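Residue-level listing of the chains:
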Amino acid sequence: MDNLVSVITPAEKNERFVNTVLESLRKQIFTNFEVLLLHSDISRMKQTVDEVYLKDDRFRFIEIPAGLNVGAVRNIGLGASTGDYVYFLDSDDYISENMLQLLTDNIHDYPMIRGRMKSTDFSSSQVVILPGTNKIKMFSAKRYNLVRDNSSINFMISKSVIERMNLRFSEEFKTFSDLTFMLPLLEEIEMVPYVYEAIYFRRRGTDPINHPSLRQSPIEQLAHDLFGVYNRLRTHDLSQEAQTYLDNKVLNFYRKHLILEFKDPSAIDRYFDELVETMQKIDPARLKHKDLILKNDVRLIKSNRKNAFKKLNSFHSFLRDLKRGAGTKRKRNEFFYKRLFKNMSVKDNLVVFESFQGKSYSDSPKYIYQYMLENKDDYKFVWVMNQSRELPGNPTTTKRFSLKYYYHLARAKYIVSNVRMPNSYIKKAGQTYLQTWHGTPLKRLAGDMADVHMPSTNTARYKINFNRETDKWDYLIAPNQYSADIFRRAFWFNNTMLNTGYPRNDILINFNNAETINKLKNLLALPAGKKIILYAPTWRDDEYYAAGKYKFDLNLDLHRLKEAFGDEYIILLRMHYVVSSNIDLTGLEGFAYDVSSYSDVSELFLVSDMLITDYSSVFFDYANLKRPILFYTYDIEKYEGQLRGFYIDMATELPGPLLMTTDDIINAIGNIDQVEADYRDRYNQFHKRFCSWDDGRASEEVVNTVFEN
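Each value, and the rule that gives it
Residues numbered from 1 in each chain as written. Predicted model: local features only at pLDDT ≥ 70, side-chain atom pairs only at ≥ 80, totals over all residues. Heavy atoms only, no water. Helix = DSSP H or I, 4+ residues; strand = E, 2+ residues; numbered from the N terminus. Buried < 20%, exposed > 50% of the residue type's maximum accessible area, 1.4 Å probe, protein only. Contact = heavy atoms within 4.5 Å. Lys, Arg positive; Asp, Glu negative; His and termini not counted. Charge placed at Lys NZ, Arg CZ, Asp CG, Glu CD. Arc of directions from axis to C-beta. Core = buried A, V, L, I, M, F, W, Y, C linked by side-chain atoms within 4.5 Å. Salt bridge = Lys/Arg side-chain N within 4 Å of Asp/Glu carboxyl O. Pairing = 2+ DSSP bridges. Axes fitted to C-alpha atoms, helices over the stretch in contact; angles between N-to-C directions. Right-handed = clockwise from strand over helix to strand, strands pointing away. Parallel < 35°, antiparallel > 145°, perpendicular 65-115°, else oblique. Left-handed = near helix turned anticlockwise from the far one by under 90°. Nonpolar A, V, L, I, M, F, W, Y, C, P; charged D, E, K, R; others polar. Phe/Tyr/Trp six-rings, centres within 6.5 Å; stacked < 30°, edge-to-face > 60°.

Q: Explanation requested: the overall build of the protein in the structure shown.
A: When helices and strands are counted, the protein shows 28 helices and 24 strands. If you line up the protein on its principal axes, its C-alpha atoms span 90 × 65 × 45 Å. Relative to its 709 residues, the protein shows a buried fraction of 55%. Sequence separation of 24 or more characterises 73% of the internal contacts of the protein that already satisfy a separation of 6 or more. Side-chain charges of the protein comprise 96 positive and 92 negative groups, with the mean position of each set lying 8 Å from the other.

Written out as C-alpha cells, the structure reads:
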C-alpha cells in the first residue's frame, strides 16, 4: 500500500524521550509517512531533537497553545494531518521498525487496524521476527478489549472514516478522553484486525512525582474524568458490548482505586455524589457474578444512602484488615497496630531509635541517643534491635515488626531513624519524625534516579513509596550544603533541614586521639604494630538473592595483597548492611578480618590508616580524618551508566585515584606517600566542600533543636 500515513505525536513534557521515538520512526521499513510533532515551544523542541529530523521533510513541527489536554492536542494533529491514515504514537514510547509496514500491509479494506503492545522500562528493544510468523487475529464482538488501556495509541485509522463520522477527542477531560473518540469508532466498525508482530513499546512512567504520566494522575483526577466520560457515553443507544465495557470499567476502577481511598472515611464525601450518578447507570446484570461486598456497596451507592454506606465501608475495611491480619505473624501485629495501638495517646517523653532497620546500634541515631542519655534525663528510650544486646543506659529494646515494636511506634512522641521506616508506619498527629539519613550522596537518590533496578519493585512504585515516606519527615539532617540541596530535590523535602553536619561524625572530631584508637584496637582484638586498611564497598542494586538481601563479589585478590603487604598491614572488610554474602577468608588468617557485623563504622574509621572504597558514601565521612582514600571502581561504567549515576565527577573531584584492578591497588598502597602528595590539593578542596559542617557538636545542635526542653 502506498497511502500516506500521518503519525500524530504530542510531545509536551516528554522532551527527554523525543529522540528515541523519532529514531524508531526514521528506521521504519515503510517510508511514506509524515510525523506531526506537537509542542507549545517549537523553538525549544527543535533545539532538543537531533539535526537529522530537522532536515527531513517528513518530520513536521507544529506549535500548539500551552496547557492543552491531550485530547485537544490530538485534535490539532488530526486537523493538520494530510495522510490517508492516522496513527497515534506517544512521544515517550517507540515502535518496532516493521510497525507501519505490517499495519499498512494488513489493513486492506478495513477502516482500522491495531498492533501489539508491550510495556518496557528501557529506551530500545530489539525484535526478531521469523519468516512466516506474521500472525493476524480478527476482533469482532470482543473488539472493545482492544481499548482496555483506555487509549487510541497503536491504532491506524482511515482518515476518511474519521471525517465521515466527524470524530474528535473530548477536550474537557485530562484523562480517559481517548474513550470519547474510540468508543463511537468501535460502535461503527464491526471488525478490527490485530497484528501480533507489529510491536508498540509503551514506556512505564518512571517519575510519578515530578513527571507523572496520564495513567499516574491523582486518583481524584482519574475518578472525576472517568465518571464524566462514562456519563457522557453510557446511553441505551450503545451496543451491549460497549455498555458492558463501560460498566466493567467503572466497577474495576472502584474496586482497584476507590476502595483504597475509602480507608480514609472522609474521602467518601469527595466522591459520593459523582459515584451515585455513575452507579445508577450500571446494569444490574453486570453484578451477577461479582462478590457480595461489591454488590452491597453498589446497592447503597445507587440508593444514595451515604451514611449507611459509610458504616458498611467501615465494616468492610475492618473485615479486610482482619483477613490480612490472619496471614503472617507480622500481618497480625500490623492489625493490632492499625486497629488498637494507633488510637492510643502519644507519650510526650518517649523516643524510639532505629538504625539500619534494627540491624545495629550505630550511626547518627546512636550519637543522638548518647548525647540525650547524658543531657536529657527526663526522656524514656526504646531501641529497635533485631538481635538482643545490652546498650548503654539500659533502654527498652524491641525487635522490628514485633507486637512491642508497633506498640512503641504508636505511643512515641519522637521517631529517630537513619533509613526509611516500614510502609506500614502511620505517622500520627503529635508525633515528630527525625530522619538523620546515612550519608552524603554520591549515587543518585530517589527522585533523581532515572530507573530503579531493585527486587520486588519498579521505578514508579519505588518513588511513590519513597515520597510517602519523606512526607512524614519533620526534620532531616544535612552533613553539608551539597547534600542539603540534593536532599531537598531528590527527597521532595519541604520541612526543616538541620544544617548541622552528621552526629555520627562527632566522634571523628572529638576522639581522634591515640588513647581512643588504642582502646578500639584492643576491643577489636587487632594485632599491634601493623597499619590498618579498611575496605568498605557499597552494594549493587541489580545483584541480589531477594528483596533486602544483596550479593557482593569481592573482585579484589586478597591473597596477592597479603603476599605484598602482609608484614606491614592488615585489612578490615566492612560490607554494606544490606549485603548477605559471606566472605571466605581461608588462608588469610591474621591478615584479613571480616568486621561487617561490627556496628559502628565510625570507630572503624578511627582505627584505620587508609580507606579503600568504591561508590559508598563512607569516604565523605572518612575525609574528616584527612587520611588516604583509594577508590576501587572496577565496574564504574556499569554503575554510572546502568544503575545509579553520580552527582559528582568521579574522575576530577574525588580525593584519591580511581583504580580498576588488584594490580592498581597494590601499586597505590606501595606508593601511598606519592598518592597523598599527588592528591593533596584536591583533598583539601574536597574537605572544605564536604566536611566543614562537622565540628563535633552536631548531636548537641540536633537535640537542642528537635527535642522540647
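Q: Sorry, what's going on with helix α19 (residues 514-523) here?
A: Residues three or four positions apart in an α-helix share a direction because the helix packs 3.6 residues into each turn. Turning to α19, its buried residues number three or more, namely Thr516, Ile517 and Leu520. One side of α19 holds all its buried residues, which, seen down the axis, span an arc of 95°. The exposed residues of α19 that point more than 90 degrees off its buried face are Ala514, Glu515, Lys519 and Asn522. Buried-residue contacts for α19 involve α21 (601-607). Downstream of α19 by a residue or two, alanine 525 has a phi angle that is positive, lying close to 55°.

Q: Just checking my understanding: could you explain the nonpolar core for this structure?
A: Generally speaking, nonpolar side chains in soluble globular proteins are found buried as a group. In terms of nonpolar packing, the biggest core is built from 99 residues, with Ile368, Phe491 and Phe707 touching the most fellow members. Non-local contacts of isoleucine 368, meaning those with residues more than four positions away in its chain, are made with Phe353, Val416, Leu434, Thr436, Ile477, Pro503, Ser699, Val702, Val703 and Phe707. Grouped together as the second largest cluster of nonpolar side chains are 65 residues, Phe173, Met182, Val192 and Phe309 included.

Q: Would you mind showing me how to read the environment of tyrosine 406 here?
A: Within the element layout of this structure, tyrosine 406 appears in helix α15 (residues 403-411). For tyrosine 406, a relative accessible area of 0% corresponds to the buried category. Tyrosine 406 has contacts with Arg330, Asn333, Glu334, Tyr337, Phe341, Phe401 and Ser424, leaving out every residue within four places of it along the chain.

Q: I tried to follow the pattern of salt bridges on my own but got confused; where do I start?
A: Proximity of charged atoms lets side chains of opposite charge pair with each other. Applying the stated criterion across every chain yields a total of 38 salt bridges. A salt bridge links arginine 504 to aspartate 621; its shortest N-O distance comes to 2.5 Å. A residue pair is termed long-range when its members are at least 10 positions apart, and arginine 504 in the loop between β16 (496-499) and α18 (506-510) and aspartate 621 in helix α22 (residues 618-622) qualify at 117 residues. Two residues, arginine 560 and aspartate 663, come together in a salt bridge whose shortest N-O distance is 2.5 Å. With arginine 560 in helix α20 (residues 558-565) and aspartate 663 in helix α25 (residues 662-670), the pair connects residues that are 103 residues apart, well separated along the chain. Classification of aspartate 663 as partly exposed rests on a relative accessible area of 44%. Residues participating in the shared-partner salt-bridge network are Arg234, Asp247, Asp283 and Arg286.

Q: Help me understand the sheet that holds strand β10 (residues 347-354), please; the structure alone is not making it clear to me.
A: Backbone-to-backbone hydrogen bonds join strands into a sheet, with any given pair of strands oriented parallel or antiparallel. Spatially, 7 strands are ordered β12-β11-β10-β13-β14-β15-β16 in an open sheet, and the strand pairing comes out parallel. Strand pairing shows two members of the sheet lacking a second neighbour, β12 (396-398) and β16, which therefore form its edges. Averaged over all pairs of adjacent strands, the angle between their axes in this sheet comes to 20°, without regard to strand direction. Of the pairings in the sheet, the one linking strand β11 (residues 380-384) to β12 comprises 3 bridges and is parallel in character. In the sheet register, valine 382 faces β12, and the bridge partner there is threonine 396.

Q: Sorry if this is basic, but what is going on with the pairing of strand β15 (residues 475-478) here?
A: Consecutive side chains along a regular strand alternate between the two faces of the sheet. Burial of β15 is two-sided: the residues Tyr475 and Ile477 facing one way and the residues Leu476 and Ala478 facing the other way are all buried. Where strand β14 (residues 432-435) meets β15, 2 bridges bridge the pair, whose relative direction is parallel. Opposite glutamine 435, over in β15, you have leucine 476 as the bridge partner. Handedness of the crossover joining β14 and β15 through helix α16 (residues 459-470): right-handed. Both β15 and β16 contribute to a ladder of 4 bridges, which runs parallel. Its bridge partner being in β16, alanine 478 is matched across the sheet by asparagine 499. The β-α-β motif built from β15, the intervening helix α17 (residues 481-490) and the parallel element β16 has right-handed crossover chirality.

Q: Is there a simple way to think about the packing of helix α8 (residues 219-233) against helix α9 (residues 240-261) in this case?
A: For any two helices packed against each other, the geometry is given by the interaxial angle and the distance between the axes. Their axes nearest at 11 Å, the elements α8 and α9 cross at an angle of 160°. It follows from the interaxial angle that α8 and α9 lie roughly antiparallel. Note that α8 runs across α9; the crossing there is left-handed. From α8, Ile219, Leu222, Ala223, Leu226, Phe227, Tyr230 and Leu233 reach across to α9, where they touch Leu246, Asp247, Lys249, Val250, Phe253, His257, Leu258 and Glu261. Of the residues that constitute the contact of α8 with α9, the class distribution is 11 nonpolar, 1 polar and 3 charged.

Q: Sorry, what's going on with the packing of aromatic side chains here?
A: Each aromatic ring pair is described using two quantities: the centre-to-centre distance and the angle formed by the ring planes. Applying the stated rule across the entire model yields 51 aromatic pairs. Summarising the aromatic geometry, the rings of tyrosine 405 and tyrosine 406 are spaced 5.3 Å apart at their centres and angled 75° between planes, so their arrangement reads as edge-to-face. Note on accessibility: tyrosine 405 and tyrosine 406 belong to one class, buried. Three or more aromatic residues joined by ring pairs form one cluster here, namely Tyr425, Tyr433, Trp437, Tyr462, Phe466, Trp473, Phe487, Phe491 and Phe493.

Q: Sorry, what's going on with the packing of helix α12 (residues 306-325) against helix α13 (residues 329-339) here?
A: Where α12 meets α13, the axes come as close as 7 Å, and the angle between the chain directions of the two elements is 150°. Classed by the angle they form, the pair α12 and α13 counts as roughly antiparallel. Within the contact between the two elements, α12 uses Ser314, Ser317, Phe318, Asp321, Leu322, Arg324 and Gly325 and α13 uses Lys331, Arg332, Phe335, Lys338 and Arg339. Across the contact of α12 with α13, the residue classes tally to 3 nonpolar, 3 polar and 6 charged.

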